[in-house]
Amino acid sequence: MEANILAYAEVALDYGVMGLLIVMSIVTLWLFIERMMFYATVDIQKYENRDILEMELTNNISTISAIGSNAPYVGLLGTVIGIMLTFYTMGDASAIDAKKIMVGLALALKATAMGLIVAMPAIVAYTILLRKVEKILTHFDVMQDKKTSN
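One numbering rule holds for all chains: residues counted from 1, following each sequence as written. Only residues with pLDDT of at least 70 are given local features in this predicted model, and only at 80 or more are side-chain atom pairs given and counted; all residues enter the totals for whole chains, interfaces and linings. Hydrogens and water molecules were not included; the side-chain quantities draw on all heavy atoms of the structure.

## Let's talk about the packing of helix α2 (residues 50-57) against helix α4 (residues 98-149)
Phase 1: What counts as an axis is a line fitted to C-alpha atoms, over the stretch in contact for a helix, and the angles between N-to-C directions run from 0 to 180 degrees. Numbering of helices and strands runs from the N terminus; a helix is a DSSP stretch of H or I covering at least four residues, while a strand is a stretch of E covering at least two. Following both chains from N to C, one finds α2 and α4 inclined at 160 degrees, their axes separated by 10 Å at the closest point. When the axes of α2 and α4 are compared, the pair comes out roughly antiparallel. The crossing of α2 and α4 is right-handed. Together, R50, L53, E54 and L57 of α2 and V133, I136, L137, F140 and D141 of α4 make up the contact between the two elements.
Phase 2: Each residue gets one of three labels, nonpolar for Ala, Val, Leu, Ile, Met, Phe, Trp, Tyr, Cys and Pro, charged for Asp, Glu, Lys and Arg, and polar for the others, Gly among them. For the contact of α2 with α4, a count of residues per class yields six nonpolar, no polar and three charged. Angle categories are assigned with fixed cut-offs, so that under 35 degrees is roughly parallel, over 145 is roughly antiparallel, 65 to 115 is roughly perpendicular, and the rest are oblique. Should the near helix be turned counterclockwise from the far one by less than a right angle, the crossing is left-handed, whereas a clockwise turn marks it as right-handed. Only heavy atoms matter for contacts: two residues are in contact if any of them lie within 4.5 Å across the pair.

## What to know about the nonpolar core
Phase 1: Residues L21, M24, Y39, V42, I44, L53 and L57 are the most contacted members of the largest nonpolar core, which totals 28 residues.
Phase 2: The set of elements that each furnish at least two residues to this core consists of α1 (2-41), α2, α3 (61-92) and α4.
Phase 3: Contacts of M24, omitting those with residues within four sequence positions, involve I67, N70, A71, V74 and V118. We define the nonpolar core as a collection of buried residues of types Ala, Val, Leu, Ile, Met, Phe, Trp, Tyr and Cys that are connected through side-chain atoms lying within 4.5 Å of one another. Partly exposed describes any residue whose relative accessible area lies between the buried limit of under 20% and the exposed limit of over 50%, with all areas from a 1.4 Å probe on protein chains only and scaled to the type maximum.

## Topic: a nonpolar patch on the surface
Phase 1: Each patch is built from residues that are more than 30% exposed by relative accessible area and take part in no salt bridge. Like charges join if they lie within 9 Å; nonpolar side chains (Val, Leu, Ile, Met, Phe, Trp, Tyr) join within 5 Å. For the area figures, the Shrake-Rupley method with a 1.4 Å probe applies, and any residue is considered shielded solely by the protein chains shown. A pair is scored as a salt bridge if a Lys or Arg side-chain nitrogen falls within 4 Å of a carboxyl oxygen belonging to Asp or Glu. Taken together, the side chains of Y73, L76, V80 and M84 define a hydrophobic patch exposed on the protein surface, amounting to about 420 Å² of accessible area.
Phase 2: Mapped onto the elements of the fold, L76 is located in helix α3.
Phase 3: L76 gets classed as partly exposed once you look at its relative accessible area, which sits at 41%.

## Digging into the side chain of T86
Phase 1: Examined against the element boundaries, T86 turns out to sit in helix α3.
Phase 2: One polar contact links the side chain of T86 to the main-chain carbonyl oxygen of G82, over a distance of 2.9 Å.
Phase 3: For T86, the contacting residues outside a window of four places in its chain are I101, G104 and L105. N or O atoms within 3.5 Å of each other form a polar contact, as long as, within protein, one can give a hydrogen and the other can take it, and as long as residues adjacent in sequence are counted only when both atoms are side-chain atoms.

## Some remarks on the side chain of T79
Phase 1: With respect to the helices and strands, T79 occurs in helix α3.
Phase 2: Residues in contact with T79, not counting those within four places in the same chain, are A108, L109, A111 and T112.

## Details of unusual backbone geometry
Phase 1: Notably, N60 is not glycine yet its phi reads approximately 70 degrees, a positive angle.
Phase 2: Among the structural elements, N60 can be located in the loop between α2 and α3.
Phase 3: On the accessibility criterion, N60 (35% relative accessible area) is partly exposed.

## Here's the deal with the environment of A125
Phase 1: Within the secondary structure, A125 is located in helix α4.
Phase 2: Owing to a relative accessible area of 8%, A125 belongs among the buried residues under this scheme.
Phase 3: With 64 residues separating them in the primary sequence, A125 and I61 have C-alpha atoms 8.9 Å apart.
Phase 4: The residues touching A125, leaving out its near neighbours within four places in the chain, are F32 and I64.

## Examining the pattern of salt bridges
Phase 1: Enumeration according to the criterion identifies four salt bridges in this entry.
Phase 2: Here E34 and R35 are joined by a salt bridge, their closest N and O atoms 2.9 Å apart.
Phase 3: We classify E34 as partly exposed; its relative accessible area is 27%.
Phase 4: A residue is classified by how much of its surface remains accessible, and R35, at 4% relative accessible area, is buried.
Phase 5: Note that R131 is salt-bridged to E134, the shortest N-O span being 3.4 Å. Residue R131 and its partner E134 are located together in helix α4, separated by three residues, close to a single helical turn.
Phase 6: Residue classification places E134 among the partly exposed positions, given a relative accessible area of 42%.
Phase 7: Because the salt bridges share partners, they merge into one network encompassing R50, E54 and D141.

Here's what the structure looks like:
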């Protein structure tokens with residue numbers, strides 16, 4: 001019975017944490033592509049109010065930021081759970097096998113690595129999008145200044 005629970009916990013760790021990180025990565029990529037396509041087609045001349053333009057430009061980029069800042073924590077959670085499972089298995093076994101311990105710890109650390117792999121591109125994507133927003137808004141401000149000076 002206890003072995004079944006441990007086996008289930010290991011599978012849940014792999015599919016749960018890793019699956020969540022993969023979903024976070026896919027969402028980041030999808031939102032990045034969507035925003036870049038929107039920025040390429042946005043017509044700033046149809047906006048009269050800067051705030052409305054800014055709201056439309058910044059849609060969904062906070063989600064990318066949240067993914068970038070939380071992915072390492074999701075990975076860390078997976079690592080902690082993996083280490084707990086390894087220690088539990090060690091305590092449950094009558095003989096301590098160093099090879100099994102090292103393999104268990106190495107597999108637990110893969111969750112942290114995956115969390116970092118998801119976080120770094122998300123933060124880069126967020127920074128790129130934020131810069132695009134700044135450029136479009138500056139372009140809007142310049143156009144508004146030209147309209148008021150004429």
